[in-house]
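Okay, here's what each chain looks like letter by letter:
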Amino acid sequence: MTTLGAAIIGCGAIYPLHAKAISAITDVNLLTVVDIDADKAKLAGIEYACHVTDDYREILNDNRIDVVHLCTPHYLHAEMAVELLHAGKHVLTEKPIAVDLPSAKLMLDAAEKSSGQLGVVFQNRYNDASIYIKKTIDSGALGKLLCMKGIVTWHRNESYYRDSNWRGRWSTEGGGVLINQTIHTLDLLQWFGGEITSVKGSITTDVLDDVIEVEDTAHACIDFSTNVRGLFYGTNAYLENSPVELELVFEKGTLTLRRDYLYLWKDGKESLVCQPIFSPTEGKSYWGTGHKRLIEDFYDHIFSGRKFWLDGSEGIKALELVKAIYSSSQRNK
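Residues numbered from 1 in each chain as written. Predicted model: local features only at pLDDT ≥ 70, side-chain atom pairs only at ≥ 80, totals over all residues. Heavy atoms only, no water.

Participant: Please explain the pattern of salt bridges as it appears in this structure.
Facilitator: Pairing of side chains with opposite charge becomes possible as their charged atoms draw close. The tally for this structure, following the rule as stated, stands at 15 salt bridges. In this structure, E270 and R258 form a salt bridge, with 3.2 Å as the shortest nitrogen-oxygen distance. Here the residue E270 occupies a position in strand 14 (residues 269-274), and R258 occupies one in strand 12 (residues 254-258), the gap between them amounting to 12 residues. Taking the relative accessible area as the measure of exposure, E270 reaches 42% and is therefore partly exposed. One salt bridge connects R306 with D300, and the closest N-O pair in it is separated by 2.6 Å. (Salt bridge = Lys/Arg side-chain N within 4 Å of Asp/Glu carboxyl O. Helix = DSSP H or I, 4+ residues; strand = E, 2+ residues; numbered from the N terminus. Buried < 20%, exposed > 50% of the residue type's maximum accessible area, 1.4 Å probe, protein only.)

So this is what it looks like as structure tokens:
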């Protein structure tokens with residue numbers, strides 16, 4: 001295989017990150033963009049000089065297209081991915097993998113039977129700080145991980161939800177701040193901590209209760225099999241999109257992420273160990289520029305015939321944690 005043909009389904013807010021990344025990869029050609037909004041699809045087609053359609057099923061029998069990027073609303077991920085995988089396409093889907101666990105498991109089953117691969121976009125695993133933290137945990141350089149916390153305080157206003165009628169609904173978004181904005185931080189916590197043994201959490205709708213039927217605020221206490229405890233707080237009720245905060249306490253020191261800079265506190269001194277590479281064309285300024293790296297890595301695995309590591313079995317873990325917090329809140333248990 002010398003070249004790969006790609007398609008993007010969904011031309012909303014996130015698609016430019018995918019389109020730009022695809023365009024920068026040697027031997028990959030963006031051939032088709034899909035959206036039911038004719039104006040959005042037309043503009044994308046003009047910008048990237050590719051075919052435009054409002055029906056993703058055209059892709060199923062198009063032998064020129066090898067890889068499909070799903071940038072659609074959450075509730076469409078599973079249905080589309082299953083069909084595409086059955087057609088032998090590689091599928092890279094934005095988070096969450098699906099709106100519920102049964103749908104996600106259908107995707108995993110389809111991937112098992114397909115010649116194509118399923119990848120899930122959790123781009124913050126590709127941030128330099130995340131990689132540094134993971135290596136520190138795995139190497140034991142600071143001793144055993146004892147506890148950690150993740151804090152997300154962002155802002156989403158009424159228009160954010162009113163302008164997209166699928167947002168803010170259980171049936172189409174699958175939840176609120178947990179499944180959409182903070183799922184990246186929850187994914188990192190479970191990636192760092194490993195197997196989860198118990199979750200106690202709660203959700204509330206603090207400021208948008210007359211706009212959405214889902215939560216805008218959540219917190220959780222997460223216990224891991226390694227006796228690590230994780231604390232989490234996330235909200236869309238802040239008036240600013242603040243950078244994500246992380247703290248990981250080890251036996252021999254503490255790693256703290258503040259404004260995307262990772263610091264090590266050890267022996268009574270603090271030192272900068274990792275700083276971000278900001279790019280105006282990648283991700284949001286308040287944390288996360290890993291889309292390009294993840295997409296490049298996905299294609300590298302396809303070209304080399306290797307199994308992509310952030311696959312369905314990895315991508316479903318964050319959804320399992322999200323659903324556990326919802327269940328805990330509902331049952332108060």
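From this point, the narrative continues.
Participant: Please clarify how the nonpolar core should be interpreted in this entry.
Facilitator: The tendency in soluble globular proteins is for nonpolar side chains to be buried side by side. In terms of nonpolar packing, the biggest core is built from 91 residues, with I9, L30, F192, L246, L248 and Y299 touching the most fellow members. A per-element tally of this core places helix 9 (residues 312-331) first, with 7 residues. Membership of the second largest hydrophobic core comes to 5 residues, among which are Y161, L208, V211 and V214. (Core = buried A, V, L, I, M, F, W, Y, C linked by side-chain atoms within 4.5 Å.)

Participant: Hey, could you run me through helix 5 (residues 128-139) in this one?
Facilitator: The α-helix advances 3.6 residues per turn, and as a result positions three or four apart in sequence lie on the same side. Here helix 5 is 12 residues long and its end C-alpha atoms lie 16 Å apart, about the 16 Å a rise of 1.5 Å per residue gives. Within helix 5, the full set of buried residues consists of A129, S130, I133, K134, T136 and I137. All buried residues of helix 5 lie within an arc of 160° about the axis, which places them on one face of the element. Exposed and oriented more than 90 degrees from the buried face of helix 5 are K135, D138 and S139. At its buried positions, helix 5 is contacted by strand 7 (145-153), helix 7 (183-193), strand 11 (245-250), strand 12, strand 13 (261-266) and strand 14. Count one or two residues on from helix 5 and you reach G140, which has phi positive near 75°. (Expected span 1.5 Å × (residues − 1). Arc of directions from axis to C-beta. Contact = heavy atoms within 4.5 Å.)

Participant: Looking at this structure, I do not really get unusual backbone geometry. What am I missing?
Facilitator: Where the residue is not glycine, phi is negative for most of them; where a peptide bond is considered, it is trans in most cases. Following K95, the chain continues to P96 via a peptide bond in cis, the omega torsion being -15°. With respect to the helices and strands, the residue P96 is situated in the loop between strand 5 (90-94) and helix 4 (101-113). The phi dihedral of D267 is positive, around 55°, even though this residue is not glycine. As for its position among the elements, D267 is in the loop between strand 13 and strand 14. You will see that N332, though not glycine, has its phi angle at about 50°, which is positive. Within the element layout of this structure, N332 appears in the segment after helix 9.

Participant: Could you clarify how one ought to interpret the state of the cysteines in this entry?
Facilitator: Among covalent bonds in proteins, the disulfide is the one between the sulfur atoms of two cysteines. If you walk through the whole model with that rule in mind, you get 0 disulfides. Cysteine C50 remains unbridged, with the sulfur of C11 as its closest cysteine sulfur at 7.9 Å. Assessed through its relative accessible area of 13%, C50 is described here as buried. (Disulfide = S-S within 2.5 Å.)

Participant: Please clarify how the pairing of strand 13 should be interpreted in this entry.
Facilitator: Along any regular strand the residues' side chains alternate between the sheet's two faces. Across 5 bridges, the pairing between strand 12 and strand 13 is antiparallel. Each bridged residue has a counterpart across the sheet, and for L255 the counterpart in strand 13 is L264. Bridge count between strand 13 and strand 14: 5 bridges; the pairing is antiparallel. Its bridge partner lying in strand 14, L262 is registered against C274. The hairpin turn running from strand 13 into strand 14, its antiparallel successor, is 2 residues long, and D267 in that turn takes a positive phi close to 55°. (Pairing = 2+ DSSP bridges.)

Participant: Teacher, can you tell me more about the packing of aromatic side chains here?
Facilitator: Taken as a whole and judged by the stated rule, the model has 8 aromatic pairs. Taken together, a centroid distance of 6.2 Å and an interplanar angle of 80° make the contact between F298 and Y299 edge-to-face. For F298, a relative accessible area of 0% translates into the label buried. Every member of this aromatic cluster is reached through a ring pair, and the members are Y126, W191, F192 and W309. The lysine or arginine in question, R156, covers the ring of Y160, its NZ or CZ lying 5.3 Å from the ring centre. Sitting over the ring of Y263, R258 keeps its end group 4.3 Å from the ring centre. (Phe/Tyr/Trp six-rings, centres within 6.5 Å; stacked < 30°, edge-to-face > 60°. Lys NZ or Arg CZ within 6 Å of the ring centre and 35° of its normal.)

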